[in-house]
Amino acid sequence: TLAVLSRCFVVCYGWCLAWVFISDIIFMIWGLSLLQVTPSTGAGAGRLNSRKEAGLLAAVTLTQKIVVYLSDTTLMDILPKISQEILLPVLGFLTSPTISFPSGVQARIILCIKAISLVALVALRIGSEMVQQHLSSTLRMFFEAFSLPLAEQGLPTELATGQAGLLPHDPSALEELRKVFSPETAYSTFVPFSCLLGDVIHTIVPNHELVGHLASQYLASVPSSEEPVPGMASLERSTLGTDPFSSPCEDTHSGTFGSVLVGNRIQIPIEAQQEVSGRPSSFSLTGGGKPESALKQELPRSAHLLCGNWLAYWQYEIGVSQHDARFHFHQIKLQSFVGHLGAIKCMAPLSGEDFFLSGSKDKTVCLWPLYNRGDGTHEVSPRLTYTQHRKSVFYVGMLEAPQYAVSCDSTIHIWDPFTGKLIHAFEAPDSKVPITAVSTMPPPYSSIAMASADSVLRFIDHRKPGLQHEFRLATGANAGLIRCLAVSPSGRSIVAGFSSGFMVLLDTRTGLILRGWPAHEGDILQIKATEGNTLISSSSDHSLTVWKELEQKPLQSYKSASEPIHAFDLYSNEVVAGTVANKIGVYSLQESLSPSITKLSSENFRGTLTSLVVLPTKCHLLLGSDNGTVRLLA
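Source: prediction; values computed, not measured.

Overview of the overall build of the chain
(1) Moving on: Check the secondary structure of the chain and you find 15 helices and 31 strands.
(2) Moving on: Counting the 634 residues in the chain, one finds 50% classified as buried.
(3) Moving on: A separation of at least 24 residues holds for 54% of the contacts in the chain among residues at least 6 apart in sequence.
(4) Moving on: Of the roughly 30,000 Å² of accessible surface on the chain, 54% is carried by carbon and sulfur atoms.

Some points on the pairing of strand E17 (residues 482-487)
(1) Moving on: Buried residues dominate E17, accounting for 5 of its 6 residues.
(2) Moving on: What sits between the antiparallel neighbours E17 and strand E18 (residues 493-498) is a turn of 5 residues, in which Gly 491 has the positive phi angle 80°.

Some words on the sheet that holds strand E10 (residues 404-408)
Strands belonging to one sheet form pairs held by backbone hydrogen bonds; the direction of such a pair is parallel or antiparallel.
(1) Moving on: One open sheet holds the 4 strands; their spatial order is E9-E10-E11-E12, and the pairing between them is antiparallel. The open sheet has two free edges, formed respectively by strand E9 (395-399) and strand E12 (422-427), since each of these has just one partner strand. With strand direction ignored, the average angle separating the axes of adjacent strands in the sheet is 20°.
(2) Moving on: For E10 and strand E11 (residues 411-415), the ladder comprises 4 bridges, and the chain directions are antiparallel. By the bridge assignment for E11, Ala 405 is matched with Trp 415.

A closer look at the nonpolar core
(1) Moving on: Among the nonpolar cores identified, the biggest contains 51 residues, and Phe 142 and Phe 143 are the most heavily contacted of them.
(2) Moving on: For Phe 143, the residues in contact, after removing those within four places along its chain, are Thr 189, Phe 190, Phe 193, Val 205, Asn 207 and Val 211.

Structural notes on the side chain of Asp 507
(1) Moving on: As for its placement among the helices and strands, Asp 507 is situated in strand E19 (residues 502-507).
(2) Moving on: With relative accessibility at 8%, the residue Asp 507 sits in the buried group.
(3) Moving on: Within the local environment of Asp 507, its side chain forms a polar contact with the backbone nitrogen of Arg 509, the two atoms lying 2.9 Å apart.
(4) Moving on: In this structure, Asp 507 is in contact with Arg 492, Leu 512 and Leu 514, ignoring residues within four places of it in sequence.

A few points about the side chain of His 389
(1) Moving on: For His 389, the position within the fold is in the loop between strand E8 (384-386) and E9.
(2) Moving on: At 2.6 Å, the side chain of His 389 and the side chain of Ser 407 are in polar contact.
(3) Moving on: Residue contacts for His 389: discarding those within four places in its chain leaves Lys 363, Val 365, Ser 407, Cys 408, Asp 409, Thr 411 and His 413.

Thoughts on the packing of aromatic side chains
How two aromatic rings sit relative to each other is set out by the distance from centre to centre and by the angle between their planes.
(1) Moving on: In total, this model carries 18 aromatic pairs according to the counting rule given.
(2) Moving on: Among the aromatic side chains, those forming a connected cluster through ring pairs are Phe 142, Phe 143, Phe 146, Phe 181, Phe 190 and Phe 193.
(3) Moving on: Here the basic side chain of Arg 631 rests over the ring of Phe 605, its NZ or CZ set 5.9 Å away from the ring centre.

Some points on the packing of helix H5 (residues 105-134) against helix H8 (residues 171-180)
(1) Moving on: It is at 9 Å that the axes of H5 and H8 come closest, and there the two elements cross at 50°. Classified by the interaxial angle, the pair formed by H5 and H8 is oblique. Here H5 and H8 pass one another in a crossing that is right-handed. Packed against H5, whose contacting residues are Val 105, Arg 108, Ile 109 and Cys 112, the element H8 presents Ala 173, Glu 176, Leu 177, Lys 179 and Val 180 at the interface.
(2) Moving on: Along the lines of polarity and charge, the residues of the contact of H5 with H8 split into 6 nonpolar, no polar and 3 charged.

Focus: the environment of Phe 142
(1) Moving on: Summarising the element assignment, Phe 142 is placed in helix H6 (residues 136-144).
(2) Moving on: In the structure, Phe 142 is positioned 27 residues away from Ala 115 in sequence and 9.5 Å away in space, judged by C-alpha atoms.

Remarks on helix H11 (residues 208-221)
(1) Moving on: Here H11 contains 14 residues, and its C-alpha end-to-end distance of 20 Å stays within 8% of the 20 Å for a straight helix at 1.5 Å per residue.
(2) Moving on: Of all the positions in H11, only His 208, Val 211, Gly 212, Leu 214, Ala 215, Ser 216, Tyr 218 and Leu 219 are classed as buried.
(3) Moving on: Buried residues along H11 sit against H6, helix H9 (183-197) and helix H10 (200-204).

Structural notes on helix H4 (residues 72-94)
Helical periodicity: at 3.6 residues per turn, an α-helix aligns residues three or four positions apart in one direction.
(1) Moving on: The first and last C-alpha atoms of H4 sit only 28 Å apart over 23 residues, clearly below the 33 Å expected at 1.5 Å per residue.
(2) Moving on: Along H4, the helix axis deviates most sharply at Ile 78, where the bend reaches about 55°; the proline Pro 80 sits within four residues downstream.

Observations concerning the packing of H6 against H9
(1) Moving on: One can describe the packing of H6 onto H9 by two numbers: an axis separation of 12 Å at closest approach and a directional angle of 150°. What the angle tells us is that H6 and H9 run roughly antiparallel. In this structure, H6 crosses over H9, and the sense of that crossing is left-handed. In this structure, H6 uses Leu 139, Phe 142 and Phe 143 to contact H9, whose residues at the interface are Thr 189, Phe 190, Phe 193 and Leu 197.
(2) Moving on: Here the residues of the contact of H6 with H9 are counted per class, giving 6 nonpolar, 1 polar and no charged.

Rules used in this analysis
- Each chain carries its own residue numbering, running from 1 in the direction its sequence is written.
- It should be noted that, the model being predicted, local features are given only for residues of pLDDT at least 70 and side-chain atom pairs only at 80 or more, the latter also being counted only at that level, while totals for whole chains, interfaces and linings use all residues.
- Side-chain measures were taken over the full set of non-hydrogen atoms in the model, leaving aside hydrogen atoms and water.
- Secondary structure elements follow DSSP: runs of H or I no shorter than four residues count as helices, runs of E no shorter than two count as strands, and numbering proceeds from the N terminus.
- Each residue is placed in one exposure class: buried if its accessible area under a 1.4 Å probe, protein chains only, is under 20% of its type's maximum, exposed if it is over 50%, and partly exposed if it falls in between.
- For this analysis, residues touch if any pair of their heavy atoms sits within 4.5 Å.
- Residue-level accessible areas treat just the shown protein chains as cover; the underlying method is Shrake-Rupley with a 1.4 Å probe.
- At least two DSSP bridges between two strands are required for those strands to pair.
- Angular values range over 0 to 180 degrees, each being the angle between N-to-C directions of two axes fitted as lines to C-alpha atoms, with helices fitted over their stretch in contact.
- Grouping buried Ala, Val, Leu, Ile, Met, Phe, Trp, Tyr and Cys residues that are joined through side-chain atoms within 4.5 Å yields what is termed a nonpolar core.
- Polar contact criterion, stated in full: a pair of N or O atoms within 3.5 Å, where within protein one must be able to donate a hydrogen and the other to accept it, and residues adjacent in sequence count only if both atoms are side-chain atoms.
- Between 30 and 60 degrees the pair is tilted, below 30 it is stacked and above 60 it is edge-to-face, where a pair is any two Phe, Tyr or Trp rings, Trp via its six-membered ring, whose centres lie within 6.5 Å.
- Placement of a positive charge over a ring is assigned whenever Lys NZ or Arg CZ falls within 6 Å of the ring centre and within 35 degrees of the normal to the ring plane.
- When describing relative orientation, an angle under 35 degrees is termed roughly parallel and one over 145 degrees roughly antiparallel, while 65 to 115 degrees is termed roughly perpendicular and anything else oblique.
- Note on convention: near helix rotated counterclockwise from far helix by under a right angle means a left-handed crossing. Clockwise means right-handed.
- Put simply, Ala, Val, Leu, Ile, Met, Phe, Trp, Tyr, Cys and Pro go in the nonpolar bin, Asp, Glu, Lys and Arg in the charged bin, and everything else, Gly too, in the polar bin.
- In this analysis, the expected span of each helix is defined as 1.5 Å times one less than the number of residues it contains.
- We define the bend at each residue as the angle formed by axes fitted to the 7 residues ending at it and the 7 residues starting at it.

Right, here's the structure in full:
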């Protein structure tokens, strides 16, 4: 099978390249590759050899991998072709009583698992109505195979014979069919499809009473202590043995909704499977093999099912139009992150939004997982705690190029967020002039900008000793201390905000000061830079202002009536801001619209808001409080 594997590798590599350009090329290559690796069908197909058997299994596997990445529109467009040119020919070999497999029953079992898994994947994507319209013949052919062994024994069946009946039956093929299409297979396939399709399955499958009887027969033969879970996973475990990839050292803390992340695959733990199955006897097909009773059973809650606030959030999110680009905040508490002993001073999500960092007044930095679980009351513990700081941590961030964490307590620590190992530490050149603000440069740069109390901006690189560059941004005591820094997304400019309300814009390519202006009347609390040379700043004078880098007048200016905005983040063309009064406001960057203000309830958020971060992909908010708890809200 080396030639088949090499051919499959070439096909997969070609698909990866074609995906970059246009999806239509994929389907053309897909069809050609399927013709190459799938044996011909019909009366002249003859006996399978090892090469054709491997090609058949590879074609089904590759098809299953591709279907996952197809859009709904594309899948519906090519669904008739998938059914007629892929599923039906594959099932023709699987259910054929005239063709035996060179590897025997094991190869036919594997093909059965992969083929029905592919059918189930497509059925779940398109829904029961489209299944009845496009996959009726596919399901009918599969379930009619359960009648073949009984027909050979002379028992009455409702099997509709096809072209295979014109050829003499192969005894070895019939023996393979008897072992593959067993009562266990009937239970593992018929019950899930009955739950998915409901009464429609009686119309699609003529011999549904026979298959239901086989499923009930298998369930009655299994001891109550070992009752199975319906699905192809149980069939695969029983026929192929224990999962060869399982390991006692699996990471049981990763994954979503109770699943486990093992390498690049997601595996449901055994205890979660037992939990979701509840009492498997609730799936028993009583009353003449009819599945009505199974459909009326209420499934118990599970660790990997949506419930509580998570269910409420997704019920709302599914109904939101894709064209609605505004940030909607509904105060739905999703999770709490407990582990710090002091106030949360800063937070930073990792690029994939699967983890985030938090720095605290307790001199620690915690790495937290952002996996969906629980009903909104679940409390998450930190995955890793970095404890090598000596003072309160006021900055955390990520160097995206080398994937290192950066944190500062007046000494900059560069460390590995996955092992907690310190890579390098940079102290201020003068111990009497501490570091007051830090910002990392965007990729592909590996530099870090740090400002000190003497109004000097310095650049350092963890790969090189000493300083890269040094620029004095202001002279005299009137400018005050540099409170915050913000780097443009391109890395070509950096802006510094002073305690006097003054702002300075520096060109990082030339080292020239492009602009300096009195932006606010009070201490600048935070600055952000976004696309289009746009700057956003907040101040203790209760103002939130939007600037163009080189324009004198601000684009937008908002004034908070009661308290200043001390924490904010960006979401598309909006600013999501928070105040010490626990109020969340959404402000527009481009239009003069009245902001939407929401007061956090004590039930969803306790303490005083100290930091705020937006997760733009998930449309969630991370809110840090003075009691050391971080809460995830939507």
